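Each chain, written out:
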Amino acid sequence: MHKKMKLFVSMLAAVAMLVLLPGSNTMTAHAEEAKTYSIKYIGGNVNDWRYVPGSTFEDGASHRDLYYLLTYDLKDDDLIVIYPGDEVPNGKELDLSGFRLSNLTIYQNANVVIKTNGIKECYVLAGAYTAINGDVTFAHLYEATTCTFNNNVLDMTLHLQTNDPQSNISCAGTVGCFRIDNSVDRPSGEFYNIPKNTMRFYGGGIQFSNCLPEPTEEYLQAKAAASQTTAAPEATPAPAGDSSEYDKVPKTGESSQTVWLIGLVSAAAILFAGSYRLYKKTN
(Lines give C-alpha, C1' and ligand atoms only; values in the text may rest on other atoms or scores of the structure.)
Protein backbone atom coordinates (compact mmCIF):
# COMPACT_ATOMS: atom_id res chain seq x y z
CA MET A 1 0.00 0.00 0.00
CA HIS A 2 2.91 2.31 0.80
CA LYS A 3 4.30 1.84 -2.72
CA LYS A 4 0.94 2.64 -4.31
CA MET A 5 0.60 5.80 -2.24
CA LYS A 6 4.10 6.95 -3.16
CA LEU A 7 3.40 6.32 -6.85
CA PHE A 8 0.17 8.28 -6.63
CA VAL A 9 1.91 11.21 -4.91
CA SER A 10 4.66 11.24 -7.55
CA MET A 11 2.14 11.32 -10.39
CA LEU A 12 0.19 14.10 -8.72
CA ALA A 13 3.33 16.19 -8.27
CA ALA A 14 4.35 15.69 -11.91
CA VAL A 15 0.96 16.89 -13.13
CA ALA A 16 1.10 19.90 -10.81
CA MET A 17 4.56 20.86 -12.10
CA LEU A 18 3.37 20.54 -15.70
CA VAL A 19 0.45 22.85 -15.03
CA LEU A 20 2.49 25.43 -13.16
CA LEU A 21 5.38 25.68 -15.63
CA PRO A 22 5.35 29.15 -17.29
CA GLY A 23 3.83 28.94 -20.75
CA SER A 24 3.18 25.20 -20.59
CA ASN A 25 0.04 23.94 -22.32
CA THR A 26 -0.86 27.47 -23.34
CA MET A 27 -3.37 27.58 -26.20
CA THR A 28 -3.90 30.85 -28.04
CA ALA A 29 -7.07 31.46 -30.06
CA HIS A 30 -6.60 32.71 -33.61
CA ALA A 31 -9.17 33.71 -36.19
CA GLU A 32 -8.76 32.04 -39.54
CA GLU A 33 -6.57 34.21 -41.73
CA ALA A 34 -7.94 35.90 -44.83
CA LYS A 35 -7.38 33.86 -47.98
CA THR A 36 -7.07 34.68 -51.65
CA TYR A 37 -9.05 33.02 -54.44
CA SER A 38 -8.69 33.52 -58.18
CA ILE A 39 -11.71 33.30 -60.48
CA LYS A 40 -12.11 33.23 -64.25
CA TYR A 41 -14.79 32.39 -66.77
CA ILE A 42 -14.27 29.10 -68.56
CA GLY A 43 -16.10 28.68 -71.85
CA GLY A 44 -16.72 25.59 -73.99
CA ASN A 45 -18.34 22.68 -72.20
CA VAL A 46 -17.90 24.37 -68.81
CA ASN A 47 -19.50 27.71 -69.72
CA ASP A 48 -19.34 29.06 -66.18
CA TRP A 49 -17.17 30.70 -63.51
CA ARG A 50 -14.46 28.57 -61.89
CA TYR A 51 -11.99 29.22 -59.06
CA VAL A 52 -8.64 28.12 -57.66
CA PRO A 53 -7.02 28.92 -54.28
CA GLY A 54 -4.29 31.56 -54.34
CA SER A 55 -3.63 34.67 -56.41
CA THR A 56 -2.75 32.98 -59.72
CA PHE A 57 -5.08 31.22 -62.16
CA GLU A 58 -2.80 29.59 -64.70
CA ASP A 59 -4.04 28.37 -68.07
CA GLY A 60 -4.91 24.70 -67.86
CA ALA A 61 -4.92 24.70 -64.06
CA SER A 62 -7.27 22.33 -62.26
CA HIS A 63 -10.26 24.37 -61.09
CA ARG A 64 -13.44 23.90 -59.06
CA ASP A 65 -17.09 24.78 -59.43
CA LEU A 66 -17.98 28.11 -57.83
CA TYR A 67 -20.55 26.30 -55.67
CA TYR A 68 -17.78 24.96 -53.43
CA LEU A 69 -16.24 28.41 -52.99
CA LEU A 70 -19.55 29.94 -51.95
CA THR A 71 -20.60 27.04 -49.75
CA TYR A 72 -17.41 25.95 -48.03
CA ASP A 73 -14.43 28.25 -48.63
CA LEU A 74 -15.22 31.95 -49.05
CA LYS A 75 -15.77 34.12 -45.97
CA ASP A 76 -15.95 37.82 -45.16
CA ASP A 77 -12.67 39.72 -45.56
CA ASP A 78 -11.20 37.26 -48.06
CA LEU A 79 -9.50 38.49 -51.26
CA ILE A 80 -10.64 37.85 -54.84
CA VAL A 81 -8.74 38.21 -58.12
CA ILE A 82 -10.74 38.12 -61.36
CA TYR A 83 -8.76 36.91 -64.39
CA PRO A 84 -9.77 37.33 -68.04
CA GLY A 85 -11.64 34.26 -69.22
CA ASP A 86 -11.17 32.38 -72.46
CA GLU A 87 -14.61 33.67 -73.49
CA VAL A 88 -16.82 36.66 -72.62
CA PRO A 89 -19.21 35.65 -69.80
CA ASN A 90 -22.27 36.41 -71.98
CA GLY A 91 -24.42 37.90 -69.26
CA LYS A 92 -23.44 35.46 -66.52
CA GLU A 93 -22.90 37.56 -63.41
CA LEU A 94 -20.41 36.61 -60.72
CA ASP A 95 -22.59 36.58 -57.62
CA LEU A 96 -20.60 36.95 -54.37
CA SER A 97 -23.34 39.03 -52.78
CA GLY A 98 -23.23 37.08 -49.51
CA PHE A 99 -19.70 38.26 -48.70
CA ARG A 100 -17.82 41.48 -47.92
CA LEU A 101 -14.36 41.39 -49.50
CA SER A 102 -11.25 43.01 -48.09
CA ASN A 103 -9.75 43.22 -51.60
CA LEU A 104 -11.03 42.78 -55.14
CA THR A 105 -8.63 42.95 -58.08
CA ILE A 106 -10.01 42.99 -61.62
CA TYR A 107 -7.04 41.87 -63.68
CA GLN A 108 -6.02 43.38 -67.01
CA ASN A 109 -8.61 42.83 -69.76
CA ALA A 110 -10.97 40.89 -67.49
CA ASN A 111 -14.68 41.14 -68.24
CA VAL A 112 -17.09 40.73 -65.31
CA VAL A 113 -20.29 41.93 -63.68
CA ILE A 114 -19.80 41.16 -60.00
CA LYS A 115 -22.10 41.36 -56.99
CA THR A 116 -20.70 41.71 -53.47
CA ASN A 117 -21.78 42.77 -50.01
CA GLY A 118 -19.12 45.49 -50.07
CA ILE A 119 -15.41 45.87 -50.83
CA LYS A 120 -12.69 47.49 -48.74
CA GLU A 121 -10.08 47.93 -51.50
CA CYS A 122 -10.88 47.58 -55.19
CA TYR A 123 -8.29 47.59 -58.01
CA VAL A 124 -9.44 47.78 -61.64
CA LEU A 125 -6.48 47.32 -63.98
CA ALA A 126 -6.02 48.56 -67.53
CA GLY A 127 -8.29 47.09 -70.17
CA ALA A 128 -10.84 45.72 -67.71
CA TYR A 129 -14.54 45.93 -68.56
CA THR A 130 -16.59 45.63 -65.40
CA ALA A 131 -19.63 46.57 -63.32
CA ILE A 132 -19.22 46.36 -59.56
CA ASN A 133 -22.10 46.01 -57.08
CA GLY A 134 -21.59 46.76 -53.39
CA ASP A 135 -20.28 49.79 -51.53
CA VAL A 136 -16.54 50.37 -52.05
CA THR A 137 -14.25 52.10 -49.55
CA PHE A 138 -11.15 52.63 -51.71
CA ALA A 139 -11.24 52.24 -55.50
CA HIS A 140 -8.15 52.46 -57.72
CA LEU A 141 -8.44 52.42 -61.52
CA TYR A 142 -5.54 52.27 -63.94
CA GLU A 143 -5.25 53.74 -67.44
CA ALA A 144 -7.88 52.95 -70.08
CA THR A 145 -10.58 50.97 -68.35
CA THR A 146 -14.37 50.77 -68.42
CA CYS A 147 -15.96 50.50 -65.01
CA THR A 148 -19.36 51.20 -63.49
CA PHE A 149 -19.87 51.30 -59.73
CA ASN A 150 -23.52 50.66 -58.92
CA ASN A 151 -23.26 51.72 -55.27
CA ASN A 152 -21.39 54.26 -53.16
CA VAL A 153 -17.64 54.80 -53.32
CA LEU A 154 -15.90 56.63 -50.48
CA ASP A 155 -12.58 57.33 -52.24
CA MET A 156 -11.85 56.82 -55.98
CA THR A 157 -8.50 57.40 -57.71
CA LEU A 158 -7.72 57.19 -61.42
CA HIS A 159 -4.00 56.51 -61.98
CA LEU A 160 -2.66 57.68 -65.34
CA GLN A 161 0.67 57.22 -67.05
CA THR A 162 -0.43 58.14 -70.58
CA ASN A 163 -1.79 61.33 -72.13
CA ASP A 164 -4.86 59.71 -73.67
CA PRO A 165 -6.23 56.97 -71.41
CA GLN A 166 -9.79 57.02 -72.83
CA SER A 167 -11.18 55.70 -69.57
CA ASN A 168 -14.93 55.37 -69.06
CA ILE A 169 -15.91 55.47 -65.40
CA SER A 170 -19.27 56.07 -63.76
CA CYS A 171 -20.91 55.70 -60.37
CA ALA A 172 -24.63 55.27 -59.69
CA GLY A 173 -24.11 56.02 -56.00
CA THR A 174 -22.36 58.88 -54.21
CA VAL A 175 -18.61 59.50 -54.37
CA GLY A 176 -16.83 61.02 -51.39
CA CYS A 177 -13.78 61.94 -53.48
CA PHE A 178 -12.66 61.41 -57.06
CA ARG A 179 -9.06 62.27 -57.88
CA ILE A 180 -6.79 62.00 -60.90
CA ASP A 181 -3.24 60.95 -60.10
CA ASN A 182 -0.94 61.11 -63.10
CA SER A 183 2.73 61.08 -63.99
CA VAL A 184 2.28 62.89 -67.30
CA ASP A 185 1.66 66.49 -68.31
CA ARG A 186 -2.08 66.40 -67.81
CA PRO A 187 -4.46 68.21 -65.41
CA SER A 188 -4.91 66.54 -62.04
CA GLY A 189 -7.43 67.35 -59.40
CA GLU A 190 -9.65 66.28 -56.54
CA PHE A 191 -13.44 66.52 -56.53
CA TYR A 192 -15.46 65.99 -53.37
CA ASN A 193 -19.00 65.15 -52.34
CA ILE A 194 -20.20 64.09 -55.79
CA PRO A 195 -23.98 63.48 -55.61
CA LYS A 196 -25.70 60.20 -56.38
CA ASN A 197 -25.65 59.04 -60.00
CA THR A 198 -23.74 62.07 -61.32
CA MET A 199 -20.10 60.92 -61.39
CA ARG A 200 -19.02 60.45 -65.02
CA PHE A 201 -15.55 60.31 -66.61
CA TYR A 202 -15.91 59.52 -70.30
CA GLY A 203 -13.34 59.50 -73.08
CA GLY A 204 -10.66 60.70 -70.70
CA GLY A 205 -12.62 63.77 -69.57
CA ILE A 206 -14.72 64.80 -66.57
CA GLN A 207 -18.45 64.93 -67.29
CA PHE A 208 -19.76 66.21 -63.94
CA SER A 209 -19.78 69.58 -62.22
CA ASN A 210 -21.99 69.31 -59.15
CA CYS A 211 -19.29 68.73 -56.52
CA LEU A 212 -17.19 70.51 -53.90
CA PRO A 213 -13.57 71.69 -54.18
CA GLU A 214 -12.79 70.82 -50.56
CA PRO A 215 -13.40 67.65 -48.53
CA THR A 216 -16.34 67.48 -46.14
CA GLU A 217 -15.84 66.61 -42.49
CA GLU A 218 -17.92 63.48 -42.97
CA TYR A 219 -15.61 62.29 -45.74
CA LEU A 220 -12.45 63.01 -43.73
CA GLN A 221 -13.75 61.12 -40.71
CA ALA A 222 -14.85 58.13 -42.78
CA LYS A 223 -11.53 57.97 -44.61
CA ALA A 224 -9.52 58.28 -41.41
CA ALA A 225 -11.47 55.43 -39.81
CA ALA A 226 -11.06 53.21 -42.88
CA SER A 227 -7.36 54.02 -43.33
CA GLN A 228 -6.46 52.67 -39.90
CA THR A 229 -6.55 49.15 -41.31
CA THR A 230 -5.77 49.88 -44.95
CA ALA A 231 -2.28 49.97 -46.44
CA ALA A 232 -1.45 52.69 -48.95
CA PRO A 233 -1.93 51.37 -52.52
CA GLU A 234 1.01 50.77 -54.79
CA ALA A 235 1.28 52.51 -58.17
CA THR A 236 0.78 49.25 -60.06
CA PRO A 237 -0.66 46.63 -57.72
CA ALA A 238 -0.02 42.96 -58.23
CA PRO A 239 -2.91 40.55 -57.75
CA ALA A 240 -3.98 40.53 -54.12
CA GLY A 241 -2.01 38.24 -51.83
CA ASP A 242 -2.86 36.41 -48.63
CA SER A 243 -3.21 38.58 -45.55
CA SER A 244 -3.39 38.08 -41.78
CA GLU A 245 -4.52 41.61 -41.12
CA TYR A 246 -8.03 40.52 -40.18
CA ASP A 247 -7.09 38.22 -37.36
CA LYS A 248 -9.29 39.98 -34.80
CA VAL A 249 -9.68 37.39 -32.06
CA PRO A 250 -8.08 38.80 -28.88
CA LYS A 251 -4.95 37.01 -27.76
CA THR A 252 -5.02 35.85 -24.17
CA GLY A 253 -2.55 34.12 -21.90
CA GLU A 254 -5.31 32.06 -20.35
CA SER A 255 -5.41 28.48 -21.55
CA SER A 256 -8.57 26.42 -21.49
CA GLN A 257 -6.39 23.32 -21.26
CA THR A 258 -4.60 24.74 -18.22
CA VAL A 259 -7.91 25.42 -16.49
CA TRP A 260 -8.95 21.85 -17.22
CA LEU A 261 -5.70 20.45 -15.80
CA ILE A 262 -6.04 22.54 -12.65
CA GLY A 263 -9.51 21.09 -12.17
CA LEU A 264 -8.10 17.60 -12.71
CA VAL A 265 -5.38 18.17 -10.14
CA SER A 266 -7.91 19.48 -7.63
CA ALA A 267 -10.09 16.43 -8.11
CA ALA A 268 -7.07 14.16 -7.76
CA ALA A 269 -6.08 15.90 -4.55
CA ILE A 270 -9.53 15.29 -3.09
CA LEU A 271 -9.37 11.61 -4.05
CA PHE A 272 -5.87 11.40 -2.58
CA ALA A 273 -7.01 12.88 0.72
CA GLY A 274 -9.91 10.43 0.97
CA SER A 275 -7.72 7.48 0.08
CA TYR A 276 -5.12 8.51 2.63
CA ARG A 277 -7.71 8.78 5.43
CA LEU A 278 -9.05 5.33 4.51
CA TYR A 279 -5.52 3.97 4.54
CA LYS A 280 -4.83 5.40 8.02
CA LYS A 281 -8.08 4.04 9.35
CA THR A 282 -7.37 0.57 7.95
CA ASN A 283 -3.92 0.50 9.50
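Going by the structure above, here's the rest.
Residues numbered from 1 in each chain as written. Predicted model: local features only at pLDDT ≥ 70, side-chain atom pairs only at ≥ 80, totals over all residues. Heavy atoms only, no water.

K.L.:
If you had to explain the sheet that holds strand S17 (residues 205–206) to someone new, which residues and values would you point to?
P.N.:
Strand order in this open sheet of 7 strands is S5-S7-S9-S11-S13-S16-S17, and the pairing throughout is mixed. The open sheet terminates on both sides in strands that have one partner only, identified here as strand S5 (94–96) and S17. (Pairing = 2+ DSSP bridges. Helix = DSSP H or I, 4+ residues; strand = E, 2+ residues; numbered from the N terminus.)

K.L.:
Before we move on, can you summarise the pairing of strand S12 (residues 153–160) with the specific residues and values?
P.N.:
For S12, the tally of buried residues reaches 8 of 8 residues, placing the bulk of the element in the interior. The sheet contact formed by strand S10 (residues 136–142) and S12 spans 6 bridges and is parallel. Within S12, the residue paired with Val 136 across the bridge is Val 153. Pairing analysis gives 7 bridges linking S12 to strand S14 (residues 175–182), with the strands arranged parallel. Within S14, the position partnered with Leu 160 by the bridge is Asn 182. (Buried < 20%, exposed > 50% of the residue type's maximum accessible area, 1.4 Å probe, protein only.)

K.L.:
Describe the side chain of Thr 116, with residues and values.
P.N.:
With respect to the helices and strands, Thr 116 occurs in strand S7 (residues 111–116). The class of Thr 116 is buried, set by a relative accessible area of 9%. A polar contact is formed between the side chain of Thr 116 and the backbone oxygen of Asn 133, at a distance of 2.8 Å. Each residue touching Thr 116, except ones within four places of it in the same chain, is listed here: Leu 96, Ser 97, Phe 99, Leu 101, Asn 133 and Gly 134. (Polar contact = N/O pair within 3.5 Å; in protein donor to acceptor, adjacent residues only side chain to side chain. Contact = heavy atoms within 4.5 Å.)

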